[in-house]
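An overview of the molecular structure
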Amino acid sequence: MKRILMSVKDGRGFDIVLVAFPLGFLFLMAGLPLIYNVVMSFQEVDMFSLGTFSRPFVGFKNYTDLFAQPETLGIFYNTLIFVTGSIAGQFLIGFGLALFFWVNFPGASWLRGLFLVSWVMPGLVVGAIWNWILSGDFGVLNFILRESGIISGNIFWRSDPHYSLFAVIIANIWLGTSFNMILLSVGLSAIPGDLYEAAELDGANAWQRFWTITLPMMRSTIGAIIALGLIFTLQQFDLFAAITSGGPNNSSNVTQYWAWDLSFRQYDFAKGATISVIMIVFVMIASIVYVRSTRHEVRG
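No experiment lies behind these values; they were computed from the predicted model shown. (Residues numbered from 1 in each chain as written. Predicted model: local features only at pLDDT ≥ 70, side-chain atom pairs only at ≥ 80, totals over all residues. Heavy atoms only, no water.)

So, on to unusual backbone geometry. Here Gly 247 and Pro 248 are connected by a cis peptide whose omega angle stands at -5°. Within the element layout of this structure, Pro 248 appears in the loop between α13 (238-243) and α14 (255-264). The phi angle at Tyr 267 is positive, at roughly 60°, despite the residue not being glycine. With respect to the helices and strands, Tyr 267 occurs in the loop between α14 and α15 (269-293). Judged by relative accessible area, Tyr 267 falls into the partly exposed class, the value being 46%. (Helix = DSSP H or I, 4+ residues; strand = E, 2+ residues; numbered from the N terminus. Buried < 20%, exposed > 50% of the residue type's maximum accessible area, 1.4 Å probe, protein only.)

Below you can see the structure in the form of structure tokens.
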């Protein structure tokens, strides 16, 4: 112990102290709740045993019971549609905006900054705004579609089972597009301009330059953005709580909202923890993709 204290005092062990405190904080604030949640998914939990850690162990019964419920597959399918649609929409629109602002025109910097408004706004505020936009009676979206001749009557986006999930997807795309745009803009700015000049001298058109230079050079950035998008989308809760509440009849329900509903509305804490553990697996996969995509930046 004396040797350890002397190493810290001399400065040789100070880096260990700097790492130990953040790791200890993360373990207390994130690691212990994560372990508690995983253990809870293998136990029988009710309102009376929630305050104790010693509960009956039931093995994989919570998992089998969860997948035996008739609504489970539908909710997981909704989650797949929500995640795929949100990530694809955010990436495509964000990439298009990044390419648009890549052309340096007057006012591009402050106009790009306006797009960050959606990212800095709280999710519940965004949900409230899109509640008004998607309103079936007086919503702005219905007005625009009706005046442009795309629809003849109002669409009740939040209460129609055919549109409720897409209503949240639209709001989530708007929420995350600016984040994709900023990261993709950083990736585009890191590409040397000499490559484009050489390709243009060789007779390559705009599409060929984009396909042979831009996309290959952006591969690591694209992988990191998709991984982060998966993590952020899987934890999206506010929009569902503010717009559809998972309804009607679970048509817009997804795993992250269902876990909260099971735990804090139906008081089935074990199944809520079980869904969270399943989601953790997908988040870990996305984290591995993110680390592999950004590994060269650490080496550099």
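Relative to the 22 Å expected for 16 residues at 1.5 Å per residue, helix α12 (residues 219-234) spans 23 Å between its end C-alpha atoms, a close match to the ideal helical length. The set of residues buried in α12 consists of Thr 221, Ile 222, Gly 223, Ala 224, Ile 225, Ala 227, Leu 228, Gly 229, Ile 231, Thr 233 and Leu 234. Check the buried side of α12 and you find it contacts α4 (72-102), α9 (164-189), α11 (206-217), α14 and α15. (Expected span 1.5 Å × (residues − 1). Contact = heavy atoms within 4.5 Å.)

Here we come to the packing of α9 against α12. Running from N to C, α9 and α12 point in directions that differ by 155°, and their axes come no closer than 10 Å. The angle between α9 and α12 falls in the class roughly antiparallel. Handedness of the crossing formed by α9 with α12: right-handed. Together, Asn 172, Phe 179, Asn 180, Leu 183, Leu 184 and Gly 187 of α9 and Thr 221, Ile 222, Ile 225, Leu 228, Phe 232 and Thr 233 of α12 make up the contact between the two elements. By residue class, the composition of the contact of α9 with α12 is seven nonpolar, five polar and no charged. (Axes fitted to C-alpha atoms, helices over the stretch in contact; angles between N-to-C directions. Parallel < 35°, antiparallel > 145°, perpendicular 65-115°, else oblique. Left-handed = near helix turned anticlockwise from the far one by under 90°. Nonpolar A, V, L, I, M, F, W, Y, C, P; charged D, E, K, R; others polar.)

Among the surface-exposed residues, Leu 18, Val 19, Leu 23, Phe 25, Leu 26, Phe 27, Leu 28, Met 29, Leu 32 and Ile 35 lie close enough to one another that they form a single nonpolar patch of about 1000 Å² accessible area. Relative to the helices and strands, Leu 18 is located in helix α2 (residues 14-40). (Patch = residues over 30% accessible without salt bridge, like charges linked within 9 Å, V, L, I, M, F, W, Y side chains within 5 Å. Areas by Shrake-Rupley, 256 points an atom, 1.4 Å probe, with all protein chains shown as cover. Salt bridge = Lys/Arg side-chain N within 4 Å of Asp/Glu carboxyl O.)

What follows deals with the UniProt feature "domain: ABC transmembrane type-1" (unreviewed entry) in the protein. UniProt feature "domain: ABC transmembrane type-1" (unreviewed entry): in the numbering of this structure it lies at residues 76-290. Taken end to end, residues 76-290 is 73% helix and 0% strand, and its two terminal C-alpha atoms sit 23 Å from one another. (UniProt positions renumbered as here; feature names shortened; annotations may be inferred.)

The next point concerns the pattern of salt bridges. Counted by the stated rule, this structure contains three salt bridges. Asp 65 serves as the salt-bridge partner of Lys 61, at 2.7 Å between the closest nitrogen and oxygen. Placement of both Lys 61 and Asp 65 in helix α3 (residues 61-68) is noted, with a separation of four residues, approximately one turn of the helix. The partner of Lys 271 in a salt bridge is Asp 268, with the nearest N and O atoms 3.5 Å apart. With a relative accessible area of 12%, Lys 271 lands in the buried category.

Phe 82, Trp 157, Leu 239, Phe 240 and Ile 275 are the most contacted members of the largest nonpolar core, which has 35 residues in total. Counting residues per element, the ones that place at least two in this core are α3, α4, α7 (123-133), α8 (140-147), α9, α13, α14 and α15. Among the elements that take part in this core, α9 stands out by supplying seven residues, more than any other. Excluding residues that lie within four positions of it along the chain, Phe 82 makes contacts with Leu 165, Val 168, Ile 169, Asn 172, Thr 233, Gln 236, Phe 240, Val 254 and Gln 256. Core analysis: the second largest hydrophobic core is formed by 18 residues, Phe 95, Ala 98, Phe 210 and Ile 225 among them. (Core = buried A, V, L, I, M, F, W, Y, C linked by side-chain atoms within 4.5 Å.)

Time to look at the domain arrangement of the protein. In many analyses, interface size is given as the accessible surface area lost on bringing the parts together. Looking at the assigned domains, one finds that the protein contains domain 1 (1-41) and domain 2 (59-295). In this assembly, five residues from domain 1 lie in contact with 10 residues from domain 2. Interface area, domain 1 with domain 2, both sides summed: about 520 Å², of which 62% is carbon and sulfur. Among the residues of domain 1 in contact with domain 2, Asn 37, Met 40 and Ser 41 are the three that bury the most area, contributing 81% of the side total. There are zero salt bridges connecting domain 1 and domain 2. For the side of domain 1 that touches domain 2, the class distribution of residues is three nonpolar, two polar and no charged. (Domains from an automatic or database assignment. Buried area = accessible area lost by both parts, 1.4 Å probe.)

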